[in-house]
Structures are given as structure tokens and as C-alpha cells.
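Residue strings, one per chain:
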Amino acid sequence: MSNAELATSYAALILADDGVDITADKLTTLIKAANIEDVEPIWCSLFAKALEGKDVKDLLLNVGSGGGAAAAPTAGGAAPAAAAEETKEEEKEEAKEESDEDMGFGLFD
């Protein structure tokens with residue numbers, strides 16, 4: 001991570017900790033107050049747009065929480081039939097791909 005990215009990240013964390021909205025202007029002001037000179041304005045704009053409308057504290061607290069549990073199948077027999085149909089389609093696609101690969105010559109022949 002470059003100094004510009006690191007400075008912008010820290011500035012965003014400071015603003016989030018104070019409960020202030022994260023904007024490019026506020027990020028730039030904090031970075032200039034810290035006497036960091038090599039930060040291009042695009043970094044502040046990128047971080048402000050990326051964090052717009054997001055709760056940074058919530059993002060930090062849920063870093064390792066993953067994507068959630070898989071959905072439970074609905075009642076009835078449709079789910080197993082649909083799953084079996086999908087696997088048959090996948091097997092057909094794989095068989096087709098394998099036959100296309102053997103063209104009679106190799107890359108290093």
C-alpha cells in the first residue's frame with residue numbers, strides 16, 4: 001500500500017471515528033493538516049465515493065463474517081429434482097468441453 005493510500009485510509013478512519021461524513025474535501029483537509037504532501041486528489045475522491053453511504057465502523061466489525069448461510073430448500077420435491085437437473089446439464093457441458101480440447105495437436109508439438 002502506498003503512502004497516499006495509507007494516509008487516505010487513516011483520514012477516513014479518523015472521520016468515521018468522529019462520526020463525520022466522509023467527503024473528498026474533508027479527507028484532503030485532514031491529509032494536508034498532517035503535512036503529507038504526496039497524496040494526489042484522486043485518492044480522496046476514490047475513497048469518498050467508495051465509502052459514500054456506508055458505515056465504516058460496521059464494515060470494520062464485520063470483516064470476517066463471510067457471506068451468510070445457504071438458503072434452506074423450500075417444502076416439496078422440486079428442489080432435489082432441480083438440483084439433479086442442474087448436475088446433468090453441468091456434466092453435459094463438461095463432456096462437450098473435453099471433446100473440444102483434443103484437436104489432435106499440442107502447444108509444444
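Look above for the structure.
No experiment lies behind these values; they were computed from the predicted model shown.

A.B. asks: Tell me about the nonpolar core, and name the residues and values.
C.D. replies: Residues A12, I22, L27, I31, V39, L51 and V56 are the most contacted members of the largest nonpolar core, which totals 15 residues. For this core, the secondary-structure elements that each account for two or more residues are α1 (3-18), α2 (24-33) and α3 (41-51). Per-element accounting of this core gives the leading share, 6 residues, to α1. Excluding anything up to four places from it in sequence, I22 contacts A12, L15, A16, L27, A48, L51 and V56.

A.B. asks: Explain the environment of L6 residue by residue, including any values.
C.D. replies: Within the fold, L6 resides in helix α1. Accessibility expressed as a relative area gives 33% for L6, which makes it partly exposed. Separated by 33 residues in sequence, L6 and V39 place their C-alpha atoms 9.7 Å apart.

A.B. asks: Explain the side chain of T8 to me, using residue names and the numbers behind them.
C.D. replies: For T8, the location among the structural elements is in helix α1. One polar contact links the side chain of T8 to the main-chain carbonyl oxygen of A4, over a distance of 2.7 Å. When residues no more than four places from it in sequence are discounted, the contact partners of T8 are L27, I31, V39, W43, C44 and F47.

A.B. asks: Go over the environment of S2, please, and point to the residues and values.
C.D. replies: Inspection of the secondary structure assignment puts S2 in the segment before α1. The class of S2 is partly exposed, set by a relative accessible area of 30%. Sequence spacing of S2 and V39 is 37 residues, and the spatial spacing of their C-alpha atoms is 9.5 Å. Within the structure, S2 has its side chain in polar contact with the side chain of E5 (distance 3.2 Å).

Calculation rules
- Residues numbered from 1 in each chain as written.
- Predicted model: local features only at pLDDT ≥ 70, side-chain atom pairs only at ≥ 80, totals over all residues.
- Heavy atoms only, no water.
- Core = buried A, V, L, I, M, F, W, Y, C linked by side-chain atoms within 4.5 Å.
- Buried < 20%, exposed > 50% of the residue type's maximum accessible area, 1.4 Å probe, protein only.
- Helix = DSSP H or I, 4+ residues; strand = E, 2+ residues; numbered from the N terminus.
- Contact = heavy atoms within 4.5 Å.
- Polar contact = N/O pair within 3.5 Å; in protein donor to acceptor, adjacent residues only side chain to side chain.

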